[in-house]
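A closer look at the structure
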Amino acid sequence: MRHRGQWITPVVVLGLATFAFAAKKHAATADSSAKNVFYVYSDKGSKLNHYIPSGWMGDYGDIKIDDGNTVDPADGKTCIKVTYSGKATQGANWAGIFWQHPSNNWGEKAGGYDLSAYKRLTFWARGEVGGEKVAEFKVGGISGEHGDSDSGSVGPITLTKDWKKYTLDLSDKNLSHIIGGFGLSASRDDNPNGFVIYLDEIRYE
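First, a word on scope: everything that follows refers to the structure included in this document.

The rules behind these values
Throughout, a residue's number is its position along its own chain's written sequence, starting from 1. Given that this is a predicted model, residues contribute local features only at a pLDDT of at least 70 and side-chain atom pairs are listed and counted only at 80 or more, while totals for whole chains, interfaces and linings are drawn from all residues. Derived side-chain values reflect all non-hydrogen atoms in the structure, with water molecules and hydrogen atoms excluded from consideration. Strands here are runs of E lasting at least two residues and helices are runs of H or I lasting at least four, both read from the DSSP assignment and numbered beginning at the N terminus. Using a 1.4 Å probe on the protein chains alone, a residue whose accessible area is under 20% of its type maximum counts as buried, one over 50% counts as exposed, and one in between counts as partly exposed. Note on definitions: a residue-residue contact is assigned when non-hydrogen atoms from the two residues lie within 4.5 Å. Accessibility throughout is a Shrake-Rupley quantity obtained with a 1.4 Å probe, and a residue counts as covered only by protein chains that appear here. Following DSSP output, two strands are said to pair if at least two bridges run between them. Among buried residues, the Ala, Val, Leu, Ile, Met, Phe, Trp, Tyr and Cys ones that are joined through side-chain atoms within 4.5 Å form a nonpolar core. What qualifies as a polar contact is a pair of N or O atoms within 3.5 Å, subject to a donor-acceptor requirement within protein and to the restriction that residues adjacent in sequence count only when both atoms come from side chains.

A look at the overall build of the protein
In terms of helices and strands, the protein carries zero helices and 15 strands. The 205 residues of the protein split such that 49% are buried. Taking the contacts inside the protein whose residues are at least 6 apart along the sequence as the reference set, 80% of them involve residues at least 24 apart. When the accessible surface of the protein is totalled, it reaches about 9,100 Å², and 48% of it is carbon and sulfur.

Okay, here's the thing in structure tokens:
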């Protein structure tokens with residue numbers, strides 16, 4: 001497992017990219033059958049999936065990922081469960097994870113995808129109890145010889161215990177080469193007792 005000790009300052013100003021959300025009324029609202037989309041995550045083991053949750057950052061020992069959680073997914077059979085302990089295991093007081101291509105790619109390897117045909121990233125998220133604060137959700141931003149062509153981010157976001165759909169507007173971004181398809185970070189200051197959150201239907205549209 002490779003990791004990086006720095007990515008962002010966990011306090012992020014909202015407005016780095018246009019952001020919107022919609023409440024989930026029932027699971028069918030998250031339509032995984034939609035065409036002209038590019039998935040980061042659809043279901044565990046799906047052939048539609050791209051990118052790998054391999055870019056551990058900050059207090060990497062504080063985060064666990066279960067990409068096959070079957071309890072109340074937004075759509076399909078599974079969703080991603082993210083457990084953050086908030087223990088500051090590496091002393092950074094924040095932790096994050098990047099979905100990368102190929103695995104563990106911090107810009108030194110060829111890879112990634114040309115996502116120029118897509119204008120936004122959408123995903124569904126909820127907290128286990130509500131009130132969980134994610135400092136940032138992010139696309140791109142990995143540097144290096146083969147790094148990302150651009151980046152977009154939004155946060156902080158406080159989740160509720162109900163599924164909501166979030167949209168990150170990327171219409172003004174250069175998505176011609178994206179190796180960091182999706183990422184998130186959270187801080188101990190915002191979540192002193194850690195959190196459990198859930199993600200599903202992460203895709204470019």
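Don't stop here, the text continues.
Notes on the pairing of strand β10 (residues 136-140)
Among the five residues that make up β10, five are buried, leaving the element largely enclosed by the rest of the structure. Relative to strand β14 (residues 180-187), β10 runs antiparallel, the two sharing three bridges. Looking at the pairing, K138 lines up with G183 of β14. Pairing of β10 with strand β11 (residues 151-154) involves four bridges; the strand directions are antiparallel. Counted as the bridge partner of F137 is V154 from β11.

A look at the nonpolar core
Among the nonpolar cores identified, the biggest contains 36 residues, and F182, L199 and Y204 are the most heavily contacted of them. Breaking this core down by element, the ones donating at least two residues are β3 (38-41), β6 (79-84), β7 (94-100), β8 (120-127), β10, β13 (164-169), β14 and β15 (195-204). Looking at which element gives the most residues to this core, the answer is β15, with five residues. Not counting the four nearest positions on each side in its chain, Y204 is found in contact with N36, V37, F38, V40, L115, Y118, R120, L121, V139, L170, I178 and G181.

Points about the environment of N191
Mapped onto the fold, N191 is located in the loop between β14 and β15. Note: C-alpha distance between N191 and A135 (56 residues apart in sequence) is 10.0 Å. Not counting residues within four places of it along the chain, the set of residues in contact with N191 comprises Y84, G86, E132, K133 and A186. In terms of polar contacts, N191 uses its side chain to reach the backbone carbonyl oxygen of K133, at 2.9 Å.

Side note on unusual backbone geometry
Here the bond from H101 into P102 is cis, since omega is -10 degrees, no more than 30 degrees from zero. A cis geometry characterises the amide bond from G155 onward to P156, with omega recorded as 0 degrees. Inspection of the secondary structure puts P156 in the loop between β11 and β12 (157-158). Positive phi is not limited to glycine here, since D72 has a value of about 50 degrees.

A look at the pairing of β6
Here strand β5 (residues 63-69) pairs with β6 via five bridges, running antiparallel. Within the sheet, the bridge partner assigned to K64 lies in β6 and is T83. Examined bridge by bridge, β6 and β15 share five bridges and lie antiparallel to one another. Across the sheet, T83 pairs through a bridge with V196, a residue of β15.

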